[in-house]
Amino acid sequence: MSLERAYRMRVAHAEAEKRENIRHPISGDEMELGEHDLTLAEIMQDKEKQEFFINRYLYSEKPDDAREIADALADGTMLSQKQTTLLETVREKFNIRMAEVEKVTERFTPEEVTRVAEIDPRIKEILGKIGPEKAAEFLATQFQGLAVSDKRAFNRMVKSMRTVHEVSTGKDAVALDKEITETLSSHRISEADYFKAATSGLTVETKANLDKLVAEQFGWFRKSVDWATGGGLRHRGGRELYMQLEEQQKLVAECDKHRKSIGKVLQGTLTSDVNLAIQKYMMEGGNLEEKKPKNTVETIADYKSIKDDLNSTQSRYDQYLQSEMKRRRINNIAQQPAILDEIKEKFADQEFKKQKRYTAIGALGALLAFLFRGRTKDDIKNSLK
């Protein structure tokens, strides 16, 4: 029993140490992995997670290793001990990254995306097309893909969002908010009236509006004092509110500077396919999903299928040739070399066009490029027997 207790204590200590090392990327608080504490089997057996893990994240960290591992898995080759160890190391980092991405995208609220749109024209265009709720949801989804493949973009986003959080919730902002609340209360001014008076920002008009707002709350005694001092009482109250507004706008400007950086990162997700999906939703409604090319290669199984297809080119040509001979009623194609050449030309053309339709990014994109490198229509035709 004492030994069992020691084992439990060791596990508890390891868990506590893990939590200590995993921090919320924005607030810095302790964070648990939760549903993101995944095994390699759980990652690899989920198409989206596998694509994120091998094709994007591992490729961004170790491009050569990612290509070799993906190719070995596609061929069913046993991984080396070095490759197995690397996968385990990267798995832990990947799980943390996915947990961090979730916390970052939780900040993609309609309100926050609207604030970014106020200073970023391209994000503003998206809001105009699909509204803040859908824009927040869609941009969060697009950012997930960027975050696992582009460490710099992810770190820029985290740094900017952390600064906005620190400025918005820091002691200066809290103290100023309290100060403004107390000032409004002392002058018996509602927040709604205050916001309305300050609509034009830091302008002469706002100064006048605040002076007037302060005066409107005066009783008969203050009105008489204000009259006797040539408006001195209203000017003093209005000036206090205006100075607080200036301090508030400085904090807003600091946040906006970093929201501009957030907007630039989000712009990196706006590919032509993404913009087409937004346009399609704008016109038709339904599900807002990125329109991917038909033959996009995203998983190791997709890549394996293409390799198998490539290795069976000759057998497929043999079937195609027999079909063409039957259709044309030819018994001995060897006696008609011109027709045989025509059949080879047509088959090679079909194969080359099919080859060009395959698209991929990351590790699979690199493997696909290598697979088809220099494979022209003439190469295909000349390889046929």
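Above this text sits the structure in question.
Bear in mind the structure is a predicted one, so any value in this text is a computation, not a measurement.

### Here's the deal with helix H3 (residues 47–61)
Working step 1: With 15 residues, H3 should reach 21 Å at 1.5 Å per residue; the first-to-last C-alpha distance of 20 Å fits that figure.
Working step 2: At Phe-53, H3 shows its largest kink, close to 30 degrees.
Working step 3: Every buried residue belonging to H3 is among Gln-50, Glu-51, Phe-52, Phe-53, Ile-54, Asn-55, Arg-56, Tyr-57 and Leu-58, and all of these are buried.
Working step 4: As for H3, its buried residues are in contact with helix H2 (40–44), helix H4 (63–75), helix H5 (81–105), helix H7 (121–149), helix H15 (300–311) and helix H18 (362–371).

### Remarks on the side chain of Thr-206
Working step 1: Following the sequence through the fold, Thr-206 ends up in helix H11 (residues 204–216).
Working step 2: Assessed through its relative accessible area of 0%, Thr-206 is described here as buried.
Working step 3: For Thr-206, the side chain forms a polar contact with the main-chain oxygen of Gly-201, separated by 2.5 Å.
Working step 4: Apart from residues no more than four positions distant in its own chain, Thr-206 is found in contact with Ala-197, Ala-198, Ser-200, Gly-201, Tyr-242 and Leu-245.

### Structural notes on unusual backbone geometry
Working step 1: One non-glycine residue, Arg-188, adopts positive backbone phi at about 55 degrees.
Working step 2: Mapped onto the elements, Arg-188 comes out in the loop between helix H9 (171–186) and helix H10 (191–197).
Working step 3: Taking relative accessible area as the criterion, Arg-188 reaches 58% and is therefore assigned exposed.
Working step 4: Unusually for a residue other than glycine, Arg-329 sits at a positive phi of about 60 degrees.

### Things to note about helix H14 (residues 272–284)
Working step 1: In a regular helix each residue adds 1.5 Å, so 13 residues correspond to 18 Å; H14 covers 18 Å between its end C-alpha atoms and thus fits that length.
Working step 2: What H14 keeps buried is the set Val-274, Ala-277, Ile-278 and Tyr-281. For H14, the arc enclosing every buried residue in end-on projection is 95 degrees, short of the 170-degree limit, so these residues lie on one face. Turned more than 90 degrees away from the buried face of H14, the exposed residues are Ser-272, Met-283 and Glu-284.
Working step 3: Where H14 terminates, the next one or two residues include Gly-285, which has phi positive at roughly 75 degrees.

Basis of the calculations
- Residues numbered from 1 in each chain as written.
- Predicted model: local features only at pLDDT ≥ 70, side-chain atom pairs only at ≥ 80, totals over all residues.
- Heavy atoms only, no water.
- Helix = DSSP H or I, 4+ residues; strand = E, 2+ residues; numbered from the N terminus.
- Expected span 1.5 Å × (residues − 1).
- Bend = angle between axes of the 7 residues up to and from the residue.
- Buried < 20%, exposed > 50% of the residue type's maximum accessible area, 1.4 Å probe, protein only.
- Contact = heavy atoms within 4.5 Å.
- Polar contact = N/O pair within 3.5 Å; in protein donor to acceptor, adjacent residues only side chain to side chain.
- Arc of directions from axis to C-beta.

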